[in-house]
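# Report on the structure
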Amino acid sequence: MTKTSRIPGFHRMAPRERLAAVAAFAGLDADAVERLGDTGNLDAALADRLIENVIGTMNIPLGVATNMRIDGEDVLIPMATEESSVVAAVCNAGRQCYENGGFATSLSGTVMIAQIQAVNVADPQAARLRILDQRAAIQAACDACDPVLVSLGGGFRDVEARVLETAGGVMLITHLIVDTRDAMGANAVNSMAEKLAPSIERWTGGRVYLRILSNLADRRLARARAVWRCADIGGVAVRDGIISAYHFAAADPYRAATHNKGVMNGISAVVLATGNDTRAVEAGAHAYAARSGSYSSLTRFEVTADGDLSGSIELPMAVGLVGGATRLHPTAQSCLKILGVTSAERLARIIAAVGLAQNFSALKALATTGIQKGHMALHAQNIAMMAGALGDEIERVAAALVAGGVVRIDVAQSVLADLRNS
Ligand code: NAD
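Under an unreviewed UniProt entry, the name given to the protein chain is 3-hydroxy-3-methylglutaryl coenzyme A reductase, and the organism recorded is Azospirillum cavernae. Recorded in UniProt under Sequence similarities (unreviewed entry), the annotation for the protein chain is "Belongs to the HMG-CoA reductase family." Regarding the protein chain, the UniProt comment filed under Pathway (unreviewed entry) reads as follows: "Metabolic intermediate metabolism; (R)-mevalonate degradation; (S)-3-hydroxy-3-methylglutaryl-CoA from (R)-mevalonate: step 1/1."

### Regarding the overall build of the protein chain
Helix and strand counts for the protein chain come out as 17 helices and 10 strands. The C-alpha extent of the protein chain, read off along each of the three principal axes, is 85 × 70 × 40 Å. Considering only residue pairs separated by 6 or more positions, the protein chain has 70% of its internal contacts joining residues 24 or more positions apart. Put simply, the protein chain shows about 20500 Å² of open surface, and 54% of that area lies on carbon and sulfur atoms. Charge separation in the protein chain, taken as the distance between the mean sites of 39 positive and 41 negative side-chain charges, equals 3 Å.

### Observations regarding the site of the ligand
Near the ligand lie 21 residues; those nearest to it are Asp146, Gly185, Asn187, Asn215 and Asp277. Interatomic distance of 2.3 Å between a side-chain N/O atom of Asp146 and an oxygen atom of the ligand. In the model, an oxygen atom of the ligand is placed 3.3 Å from a nitrogen or oxygen of the Ala186 main chain. Computed on the free molecule, the ligand has an accessible area of 870 Å², of which 72% lies beneath the protein chains in the complex. Only helix H7 (147-151) and helix H8 (186-204) provide two or more residues apiece to the shell around the ligand. Counted by class, the shell around the ligand contains 10 nonpolar, seven polar and four charged residues.

### Overview of helix H5 (residues 124-133)
Listed in full, the buried residues belonging to H5 are Pro124, Ala127 and Ile131. The buried residues of H5 occupy one face: seen down the axis, they fall within an arc of 55 degrees. Summarising the geometry of H5, the exposed residues directed more than 90 degrees from the buried face are Gln125 and Asp133. Looking at the buried side of H5, the elements it contacts are helix H6 (135-145), strand S5 (155-166), strand S6 (169-179) and H8.

### Let's talk about the side chain of Ser268
Along the polypeptide, Ser268 turns up in helix H11 (residues 253-273). Among the polar contacts listed, one links the side chain of Ser268 to the side chain of Glu282, at a separation of 2.4 Å. Every residue in contact with Ser268, bar those within four places of it in the chain, is listed here: Thr278 and Glu282.

### Describing the packing of H6 against H8
Running from N to C, H6 and H8 cross one another at 150 degrees; their axes reach a closest spacing of 8 Å. By the criterion of interaxial angle, the relationship of H6 to H8 is roughly antiparallel. Remark: the crossing between H6 and H8 carries right-handed chirality. Counting all contacts with H6, which are made through Ala137, Ile138, Ala141, Cys142, Ala144 and Cys145, the residues of H8 involved are Ser191, Met192, Lys195, Leu196 and Trp203. For the contact of H6 with H8, the per-class residue count stands at nine nonpolar, one polar and one charged.

### A few points about the pattern of salt bridges
Evaluated as defined, the whole model comprises 20 salt bridges. Between Arg346 and Asp71 there is a salt bridge, with its nearest N and O atoms 3.3 Å apart. Taken together, the residues Arg346 in helix H14 (residues 344-367) and Asp71 in the loop between strand S1 (62-70) and strand S2 (73-80) connect sequence positions 275 residues apart. With relative accessibility at 15%, the residue Arg346 sits in the buried group. Shared partners join several salt bridges into a network, and the residues in it are Asp71, Glu73, Glu345, Arg346 and Arg349.

### Points about a nonpolar patch on the surface
Together, Leu50, Ile51 and Leu328 make up an exposed nonpolar region whose accessible area comes to about 250 Å². With respect to the helices and strands, Leu50 occurs in helix H3 (residues 44-50). Overall, the relative accessible area of 31% leaves Leu50 in the partly exposed class.

The rules behind these values
- Residues numbered from 1 in each chain as written.
- Predicted model: local features only at pLDDT ≥ 70, side-chain atom pairs only at ≥ 80, totals over all residues.
- Heavy atoms only, no water.
- UniProt positions renumbered as here; feature names shortened; annotations may be inferred.
- Helix = DSSP H or I, 4+ residues; strand = E, 2+ residues; numbered from the N terminus.
- Contact = heavy atoms within 4.5 Å.
- Areas by Shrake-Rupley, 256 points an atom, 1.4 Å probe, with all protein chains shown as cover.
- Lys, Arg positive; Asp, Glu negative; His and termini not counted.
- Charge placed at Lys NZ, Arg CZ, Asp CG, Glu CD.
- Near = heavy atom within 4 Å.
- Polar contact = N/O pair within 3.5 Å; in protein donor to acceptor, adjacent residues only side chain to side chain.
- Nonpolar A, V, L, I, M, F, W, Y, C, P; charged D, E, K, R; others polar.
- Buried < 20%, exposed > 50% of the residue type's maximum accessible area, 1.4 Å probe, protein only.
- Arc of directions from axis to C-beta.
- Axes fitted to C-alpha atoms, helices over the stretch in contact; angles between N-to-C directions.
- Parallel < 35°, antiparallel > 145°, perpendicular 65-115°, else oblique.
- Left-handed = near helix turned anticlockwise from the far one by under 90°.
- Salt bridge = Lys/Arg side-chain N within 4 Å of Asp/Glu carboxyl O.
- Patch = residues over 30% accessible without salt bridge, like charges linked within 9 Å, V, L, I, M, F, W, Y side chains within 5 Å.

Written out as structure tokens, the structure is:
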């Protein structure tokens with residue numbers, strides 16, 4: 001029988017029924033079906049409401065980073081990630097600046113931007129001013145969209161209009177600047193942009209197509225800084241190695257991509273653990289890193305007047321405590337409780353500190369022993385499991401791989417075979 005991806009009524013089925021249909025399509029065995037159907041700490045009915053066509057859930061380890069002191073307060077950091085060494089990196093960076101006060105952070109505001117694209121505007125320069133003239137009407141329309149947000153001190157803040165030259169001709173782009181308080185705000189500002197579109201067409205005489213937020217949330221910049229004392233990090237050579245690594249990333253997009261990937265190892269893990277939108281934060285971070293026209297480092301490292309290592313980070317951080325999965329996912333709620341945050345501002349600031357911590361540890365490892373040494377113990381366990389090791393065998397095979405200095409699946413298979421034969 002030929003397989004078909006046309007499964008009538010799939011979206012109307014219950015998760016278990018969908019799973020059965022997928023199992024039949026893919027030839028999944030009973031064990032795989034059982035595991036997929038076990039939704040762990042996320043209720044299947046809730047999962048089914050969060051996204052479409054649910055068949056199960058994907059569990060990712062949740063670790064907690066220790067040693068973090070942020071704005072004078074000790075914080076435990078829940079991190080959801082499948083990658084080894086990410087949690088340890090934050091613990092290590094936090095420990096090495098803990099005695100020196102840890103991290104100091106700030107946020108530029110909880111403000112998002114929605115864009116409205118108008119095309120075929122005959123007089124874009126004058127139309128731009130006609131839009132700005134309507135500020136009061138725009139404010140009233142935006143705030144009427146979300147009285148809850150307004151009652152919480154948020155809502156419309158400003159309107160901007162840009163004449164944009166494009167390959168498809170001149171466009172007039174209106175920006176709604178909206179304070180979304182403790183929400184990430186995508187739905188909030190998208191509704192406002194959609195509501196305003198007919199008025200924009202009237203004022204400009206053009207045609208509106210897109211009405212959507214910008215993930216380049218550069219009115220919502222989270223900042224963190226820390227000073228690592230030279231003596232606490234292994235001396236001047238280590239300090240200078242870290243600074244040289246930063247200079248490399250600042251000058252070279254090939255290196256900056258990997259440098260920032262490391263930053264996002266820490267950031268995305270906390271964003272995910274708190275039920276926030278990892279792609280929104282990642283898109284904002286990378287767009288911000290490229291804002292000069294050349295993709296560069298999200299962090300900076302310098303020598304202080306006392307000869308210590310000063311690190312800093314600044315990037316858009318559109319995260320919330322309400323909206324999306326943040327309020328609905330019970331694990332996200334527990335993670336927010338572990339963090340002790342009661343505002344989106346505090347969450348954003350903590351996440352920036354985690355990004356800086358992650359980057360410090362990665363650069364330190366790269367500039368000294370190399371990244372593989374720290375990775376090896378956990379990586380060897382993963383390889384041992386891939387080779388088929390079970391229970392106690394995992395540790396024993398991993399230890400043999402590390403001792404032998406070659407961590408490879410074929411070596412793990414042969415170590416495992418010897419172990420089982422002995
Ligand atoms: P939402 O609309 O579910 O919740 C926000 C609303 O909650 C506010 O508009 C307000 O009315 C209310 N609210 C209650 N208490 C509040 C408080 N203390 N502070 C602020 N508002 C409060 O969620 P959202 O944040 O507007 O949207 C987030 C979701 O949108 C995420 O799931 C994201 O994945 C998704 N999304 C993202 C994009 C993108 O990034 N490009 C696009 C579309 C949707």
